[in-house]
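Inside the fold
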Amino acid sequence: MISHRQQVTDMIISAKVLKSIKWADVAETIGLSKEWVTAACLGQMAFNKEQAEKIGEIFGLTDEAIAWLQIVPYKGSLPTSVPTDPLIYRWYEVVSVYGMTIKELIHEEFGDGIMSAIDFNMDIQREKNPNGDRVNVVLSGKFLPYKTY
């Protein structure tokens, strides 16, 4: 019996390793971006029934696990407040160092508001560079102005 969504994530990761599955291949089967599908497989998004069933086929999941894939998850669940994984910590560092700059420039360009992480796109690509390949990440979120009332 499954008692929480993390158990399904663990099943997916285990099957991914065992079967040498690539996230991009999973995304192609589902018909969505590798970024969104990976986030959903890792427990940060909910699949619809059809998508969950395809994920179940790919990773050999039970009907119970497939049902869990369709439940709205608890989002933003890092294991610690300051991440200790080196790659995730570097993102934390980017926000720590450049967060105020990003905020200031968004407000200067758009006004008082936020960038949505709901109406949102992300694209991660390898960028060839003679000095060492680079990680190119594009985040695109709808601007949501604060309203007065």
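Data block above holds the structure.
First things first, this report covers the structure right here in the doc. Small disclaimer: the values here were computed from a predicted structure and weren't measured. (Residues numbered from 1 in each chain as written. Predicted model: local features only at pLDDT ≥ 70, side-chain atom pairs only at ≥ 80, totals over all residues. Heavy atoms only, no water.)

Comments concerning unusual backbone geometry
To keep things clear, this is the line we draw: Secondary structure follows DSSP: runs of H or I at least 4 residues long count as helices, runs of E at least 2 residues long count as strands, and numbering of each begins at the N terminus.
Residues other than glycine seldom take positive phi values, yet serine 20 does so here, at roughly 55 degrees. Topologically, serine 20 is positioned in the loop between α1 (5–19) and α2 (23–30).

Looking at the environment of tryptophan 36
Our working definition: Residue contacts follow a heavy-atom distance rule, with two residues in contact if any of their heavy atoms lie within 4.5 Å.
Position of tryptophan 36 among the secondary structure elements: in helix α3 (residues 34–41). Put simply, tryptophan 36 and aspartate 123 are 87 residues apart on the chain and 9.5 Å apart in space, counted from C-alpha to C-alpha. Residues contacting tryptophan 36, with those up to four places away along its chain left out, are Met45, Ala46, Phe47 and Gln51.

Observations concerning the side chain of arginine 5
What counts is decided by this rule: In protein, a polar contact requires one atom able to donate a hydrogen and another able to accept it; more generally it is a pair of N or O atoms within 3.5 Å, and residues adjacent in sequence count only if both atoms are side-chain atoms.
By secondary structure assignment, the location of arginine 5 is in helix α1. At 2.6 Å, the side chain of arginine 5 and the side chain of threonine 9 are in polar contact. Once you skip the residues sitting within four places of it in the chain, arginine 5 turns out to touch Ile12, Ala40, Cys41, Gly43, Trp68 and Leu69.

In short, shape yes, function no, at least from these values alone.
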